[in-house]
Number of protein chains: 2
Amino acid sequence: MFHDRIRLASLASKIMTADQAGEFFQDGMTVGMSGFTRAGDSKAMPVALAARAAKSPFAINLLTGASLGNDSDGLMASAGVLARRSPFQVDPLMRKKINAGELMFCDYHLSQPAEMLRAKKGLPIDIAVIEAVAITECGAIVPSTSVGNSASFVAQAKMVVVELNLSMPLELEGMHDIYLPGDRPGRQPIAITDVSQRIGSTSIAVDPDRIVGIVITDAPDSPSTALPPDEETNAIAAHVVRFLAGEVTAGRLTNELLPLQVGIGTIANAVTYGIAQSEFKNLTMYSEVLQDSAVSLLDSGHLKFASASSVTLSAPTMQKFLENLDRYRQQVVLRPQEISNHPEIVRRLGVIAINAALEFDIYGNVNSTHVGGTHMMNGIGGSGDFARNAHLSIFVTKSLAKGGDISRVVPMVSHVDHCEHDVDVLVTECGFADLRGLAPRERATAIIANCVHADYQPAMASYFERACQRGGHTPHLLEEAFSWHLDFRQNGSMKDRAEAMV
Amino acid sequence: MFHDRIRLASLASKIMTADQAGEFFQDGMTVGMSGFTRAGDSKAMPVALAARAAKSPFAINLLTGASLGNDSDGLMASAGVLARRSPFQVDPLMRKKINAGELMFCDYHLSQPAEMLRAKKGLPIDIAVIEAVAITECGAIVPSTSVGNSASFVAQAKMVVVELNLSMPLELEGMHDIYLPGDRPGRQPIAITDVSQRIGSTSIAVDPDRIVGIVITDAPDSPSTALPPDEETNAIAAHVVRFLAGEVTAGRLTNELLPLQVGIGTIANAVTYGIAQSEFKNLTMYSEVLQDSAVSLLDSGHLKFASASSVTLSAPTMQKFLENLDRYRQQVVLRPQEISNHPEIVRRLGVIAINAALEFDIYGNVNSTHVGGTHMMNGIGGSGDFARNAHLSIFVTKSLAKGGDISRVVPMVSHVDHCEHDVDVLVTECGFADLRGLAPRERATAIIANCVHADYQPAMASYFERACQRGGHTPHLLEEAFSWHLDFRQNGSMKDRAEAMV
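Residues numbered from 1 in each chain as written. Chains lettered and ligands numbered in written order. Predicted model: local features only at pLDDT ≥ 70, side-chain atom pairs only at ≥ 80, totals over all residues. Heavy atoms only, no water.

A word on the overall build of chain A. Check the secondary structure of chain A and you find 18 helices and 26 strands. Seen through its principal axes, chain A has C-alpha atoms that stretch 75 × 50 × 45 Å. The burial tally for chain A puts 66% of its 502 residues in the buried class. Excluding contacts between residues fewer than 6 apart, the proportion of contacts in chain A whose partners are at least 24 apart in sequence is 73%. The distance from the centre of the 42 positive side-chain charges to the centre of the 55 negative ones in chain A is 3 Å. (Helix = DSSP H or I, 4+ residues; strand = E, 2+ residues; numbered from the N terminus. Buried < 20%, exposed > 50% of the residue type's maximum accessible area, 1.4 Å probe, protein only. Contact = heavy atoms within 4.5 Å. Lys, Arg positive; Asp, Glu negative; His and termini not counted. Charge placed at Lys NZ, Arg CZ, Asp CG, Glu CD.)

See below:
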């Protein structure tokens, strides 16, 4: 049974139901599950664990690559299966529990959990749950549409549960490049000097004795939730392209640019589509996730190679991708997120990093995570891995939210994920501010002129002017710095407070 | 003349006075000067430039390695010589001009200016001014007590002025390891896998035709301003040692630890002395600056090798160091700051980073730069290079300042240089908070219990409790978050406001 998928015959006896595998899980355990940006996640075990908890309550500490699909996070959170969760999530139900203080969530730079596990900074992994397309003759695990932290979880776990997903084509084999840095001291350089370079193996090695269960599944990944481009995201994309074209004109880049990293989501997707309509060619990506737009660029020939840790696509694009793996496998490599996001490689390659901001301030500090400074949205993800080490660090956002009641450009961000030092260019649909080489007061002038929506521009100019009168390298009026946020909290709009400033 | 110091005979004709060399400098030029943490800085040219500006005003854009000694920054700032300055300074007069908005200052992660120059992110260097102990047979420049950004400045400068410092012993030659990463694409890994490894040359190569002037000097470096340990810094050091000893006991470190990085200043110095009185042995440093304490550890045998970008010592320790260079040269290497602080190497080696904070908050965000959120102190320096990529990121500070009128632990920092994600352990004289693996609410509990001074503890607990009632992943009361800072600004003390919270 499944000879092509379970090639080490002795492992066939480990096939069991998800409910049977669920018995391995005990209260207080730390579990590492595959899954990164909803791709390659465990499909069956979250359901089994939630069902088991309904009968007999227990709670685990769950780590993943990044976000899970299939509402798994919400399902497990609602069932009370999760005491702790890291390093990233996008689930509305889970978010509610996190913000109520009922679920301890740790969001981390996505390159770092593997390093923390290796350094024993957190709890050791008891069980790894890994979605796979096959188990090799040696018992090694061939991942599906993401690698994430799976190799690190397997390396450390006492027990491994494999979810063999029959809906994932065997042709995914060969797309992965599994490499983990060695222990310290004595660690060697990571040898990647080109996005297409392979330095590891195509499967995750494991002592077959540690595989305690194989669960057969056939559910597809949850489709991407990125929305199609709209007028504003197209304007943002056009500004990014205009900025990059200026770099080419100035001789600082060629029209092959440098490897692109593009964050996940609607704006990032739009920016990638925008690049497809530009003069740039023979592009490469060194990113953490490939979205529909990346597949579109591969098809159009703009993109010659893409390195990532996952593919998160809409249903039709995923179908095309999976039906043409022989072709895409020549142009795509999936790596552990520690490698896709590694500062060493990001800095060496000189990645152009394009990530979305929740809000940014007049000095270029960026909030990527906390609504109103307090409520977690998703997590910092890989944005910090890339922004700090990039050749160019670009953050994008629409200038307004909630129909204009929120200005996403504020006097002072209510939470800082990326400090001014890590931000080169800010872009809204209004324009872009090139902050390179500017002191804080100059940055403010550029941001107010180019990125703030006209409705909030006079108020912002007033704030900055009055702050400058008080002095300082980074002028602020601390008593007013959050007044727009407070106005929104109390009155549902930043507008009144902003208008009062003019 | 100076045959042992100017070994390429043709260059002897380039000897001139500082005033003569000053004629090369034109209004609007960008100048790169040697000097890092007051070590190996240009001694004569700042004086000559200030004198020239007094007669005929002109202003330049000045880059250095880090801070200059000899009051040079203040002298040039007062004379109006500087229109722009980066990436770090410690001068009181310059600070005043920066905070008045009269001098545009850009503080950068110290590993990054060289990368920015290479990427042409800023203005190109017109003139490099480099303190040297010698010029080799090939015309290459042997730096003195720091390397900083000198190699990058020389690589790019149209003209190079060498300050040959006769008070710096020739025996410094061989202590430096000059290596610069290549251009992108195609850049290779930086080969360092051990703190003592040398991968470059002992001098800075330059086409001798670009050396336009050689100025003879003999002034010593400004001595270190670090104060001797006191009761509180000793307590901080003891907590750091206790934490590290716990790591050894837990099996997460051996008693050789991993390479240490220790920031500059009084507390950092005290921590290093504290480590000398511990059970740790055969230690190594991969740091940006070596202070008296590092020399003391080399002498006592606790430290077997130290890598840095500069040596900044008190006058008596500097004398000992310079008189025993044959010995110290076997145990010390000075590298470009791009390499001493490089994320690639810091992460590979697994550095234990210990840096000072100006203030931190209950969630572990750190302010390293801005007094009251607005006024620049010195600059972020290398703290971000190390903290983000370290095996362990430790920040230290006294819990109080201004005789107790300031709590250095606050509800929310007024400026963020290091976000919660980059901070593992916080230490004050009260104790340490180990934040690894904790969610924000757990971090707050640990910080309030272990790091906040008793005078402010009830108020902080009250703030946190009331914020939690309002909810959120990272609970805050935005309308009160800066109330302690505002109280200090208005009334000269945070105490009234803190007491009113209880």
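Here we come to the confidence of the model for chain A. Averaged over every residue, the pLDDT of chain A is 96; the share at 70 or more is 100%. Across the predicted assembly, pTM comes out at 0.98 and ipTM at 0.97. (pLDDT = per-residue confidence, 0-100.)

A word on the relation of the copies chain A and chain B. Related by rotation about an axis and a shift along that axis, the two copies of the chain form a pair. Each copy of the sequence occupies a distinct position, and chain A is placed on chain B by a rotation of 180° and an axial shift of 0.0 Å, giving an RMSD of 0.0 Å. The superposition of one copy onto the other is thereby described by a two-fold rotation axis. Within chain A, the C-alpha atom positioned nearest to the axis of rotation is that of Glu344 of chain A, 2.1 Å from it. A shared interface surface links the copies, since 100% of the contact residues of chain A are contact residues in chain B too. (Least-squares fit on C-alpha atoms with pLDDT ≥ 70 in both.)

Residue and element names in this part refer to chain A. For the coordinates displayed, the defined rule picks out nine aromatic pairs over all chains. With a centroid separation of 5.5 Å and an interplanar angle of 70°, the aromatic rings of Phe243 and Phe432 are classed as edge-to-face. Residue Phe243 is located in helix α7 (residues 231-249), and its partner Phe432 is located in strand β26 (residues 431-434); the two are separated by 189 residues in the primary sequence. Comparing Phe243 with Phe432, the two get one shared label, buried. (Phe/Tyr/Trp six-rings, centres within 6.5 Å; stacked < 30°, edge-to-face > 60°.)

Residue and element names in this part refer to chain A. Taken in spatial order, the three strands make up an open sheet running β18-β17-β24, and their pairing is mixed. What marks the edges here is a single partner per strand, and that holds for β18 (366-367) and β24 (409-410). Relative to β24, strand β17 (residues 359-361) runs parallel, the two sharing two bridges. Bridge pairing in β24 places Phe360 opposite Val409. (Pairing = 2+ DSSP bridges.)

Taken together, the contact between chain A and chain B spans 79 residues of the former and 79 residues of the latter. In total, about 6600 Å² of surface goes out of reach between chain A and chain B, with carbon and sulfur atoms giving 52% of it. The interface formed by chain A and chain B holds eight salt bridges in total. Residue Asp424 of chain B is joined to Lys121 of chain A by a salt bridge in which the shortest nitrogen-to-oxygen separation is 2.8 Å. Here chain A is connected to chain B by 44 residue pairs in polar contact (both at pLDDT 80 or more). Contributions of two or more residues to the side of chain A that touches chain B are made by α4 (92-99), β5 (104-105), α13 (343-349), β20 (375-376), α14 (383-389), α15 (440-450) and α17 (483-491) of chain A. When residues of the side of chain A that touches chain B are assigned to their parent elements, the largest contribution, five residues, is made by α13 of chain A. (Buried area = accessible area lost by both parts, 1.4 Å probe. Salt bridge = Lys/Arg side-chain N within 4 Å of Asp/Glu carboxyl O. Polar contact = N/O pair within 3.5 Å; in protein donor to acceptor, adjacent residues only side chain to side chain.)

By the definition in use, this model includes 58 salt bridges over all chains. Of the charged contacts in the structure, one is a salt bridge between Asp126 of chain A and Lys158 of chain A, with a shortest N-O distance of 2.6 Å. Highlighted residues: Asp126 of chain A in the loop between α5 (113-118) and β6 (127-135) and Lys158 of chain A in the loop between α6 (150-156) and β8 (159-165), separated in sequence by 32 residues. The exposure class assigned to Asp126 of chain A is buried, which follows from its relative accessible area of 16%. One salt-bridge network, held together by shared partners, links Glu115, Arg118, Arg184, Arg187 and Glu338 of chain A together with Arg347 of chain B.

Once that is clear, we can look at the sheet that holds strand β17 (residues 366-367) of chain B. Residues and elements named next belong to chain B. Judged by pairing direction, the sheet is mixed, and its three strands sit side by side in the order β17-β16-β23 without closing on themselves. Every other strand in the sheet has two partners, leaving β17 and β23 (409-410) as the edge strands with one partner each. Direction of pairing for strand β16 (residues 359-361) relative to β17: antiparallel, over a ladder of two bridges. Along β17, the bridge assignment pairs Glu359 with Asn367.

Looking now at the packing of helix α7 (residues 231-249) of chain B against helix α8 (residues 266-276) of chain B. All names here are of chain B. Closest axis-to-axis distance for the α7/α8 pair is 8 Å, and the angle between their directions is 50°. The angle between α7 and α8 places the two elements in the oblique class. Relative to α8, the crossing made by α7 is right-handed. Here Thr233, Ile236, Ala237, Val240 and Val241 of α7 lie close against α8, whose contacting residues are Thr266, Ile267, Ala270, Val271, Gly274 and Ile275. For the contact of α7 with α8, the per-class residue count stands at eight nonpolar, three polar and no charged. (Axes fitted to C-alpha atoms, helices over the stretch in contact; angles between N-to-C directions. Parallel < 35°, antiparallel > 145°, perpendicular 65-115°, else oblique. Left-handed = near helix turned anticlockwise from the far one by under 90°. Nonpolar A, V, L, I, M, F, W, Y, C, P; charged D, E, K, R; others polar.)

Take the pairing of strand β7 (residues 159-165) of chain B next. All names here are of chain B. β7 sits mainly inside the fold: seven of its seven residues count as buried. Side chains of β7 alternate between two faces, with Met159, Val161, Glu163 and Asn165 and Val160, Val162 and Leu164 buried alike. Here strand β5 (residues 127-135) runs beside β7; their pairing, made up of five bridges, is parallel. Looking across to β7, one finds that Ala128 is bridged to Val160. With six bridges connecting them, β7 and strand β8 (residues 211-217) associate as parallel partners. Across the sheet, residue Leu164 finds its bridge partner in β8, namely Ile216.

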